[in-house]
Amino acid sequence: MPPEDDEGRIHCRLDELLADRGMTLTRLSELVGISLVNLSVLKNDRARAIRFSTLTAICDALDCSVGDLLVVLP
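The shown structure was predicted, so the numbers you read here are calculated from the model rather than taken from an experiment.

So, the layout of surface pockets: which residues are in play, and what are the values?
A water-sized probe, rolled over the atoms, reveals where empty space remains. Here the second largest pocket is characterised by a volume of approximately 200 Å³. Residue lining of the second largest pocket: Ile34, Asn38, Leu39, Val41, Leu42, Ala47, Ala49, Ile50, Arg51 and Thr54, and that is the complete set. In terms of residue count, helix α3 (residues 36-43) provides more of the lining of the second largest pocket than any other element does, four residues in total. Residues belonging to the lining of the second largest pocket are distributed by class as follows: seven nonpolar, two polar and one charged.

Structure representation (structure tokens):
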């Protein structure tokens, strides 16, 4: 089990990727079939878990890799 102080070190770059592509969260929600609420939780770094299928759908829609979307903060 990872140490508790590692919680919150994963940062989702969804805002930056959407801005780079001129896409709204609403449009991404339509493209990937994931609710706006769930995408917002992810975007605001409040997600506790994410399915691989969700990651795949987001990365496909944004034409990015998982490493572009999620980064580990120091």
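I'd love a proper account of the pattern of salt bridges, names of residues and values included.
Oppositely charged side chains can pair when the atoms bearing their charge come close. Enumeration according to the criterion identifies three salt bridges in this entry. A salt bridge links Glu16 to Arg13; the shortest N-O distance between them is 3.3 Å. A residue is classified by how much of its surface remains accessible, and Arg13, at 22% relative accessible area, is partly exposed. Taking the shortest distance from any N to any O, the salt bridge between Arg27 and Glu30 comes out at 3.2 Å. Of this pair, Arg27 and Glu30 both sit in helix α2 (residues 25-32), separated by three residues, roughly a single helical turn.

Calculation rules
Residues numbered from 1 in each chain as written. Predicted model: local features only at pLDDT ≥ 70, side-chain atom pairs only at ≥ 80, totals over all residues. Heavy atoms only, no water. 1 Å grid on protein atoms, 1.4 Å probe; cavity = no way out; pocket = protein on both sides within 12 Å on 5 of 7 lines; lining within 4 Å. Points joined across faces, edges and corners; volume = space filled by probe spheres on them. Helix = DSSP H or I, 4+ residues; strand = E, 2+ residues; numbered from the N terminus. Nonpolar A, V, L, I, M, F, W, Y, C, P; charged D, E, K, R; others polar. Salt bridge = Lys/Arg side-chain N within 4 Å of Asp/Glu carboxyl O. Buried < 20%, exposed > 50% of the residue type's maximum accessible area, 1.4 Å probe, protein only.

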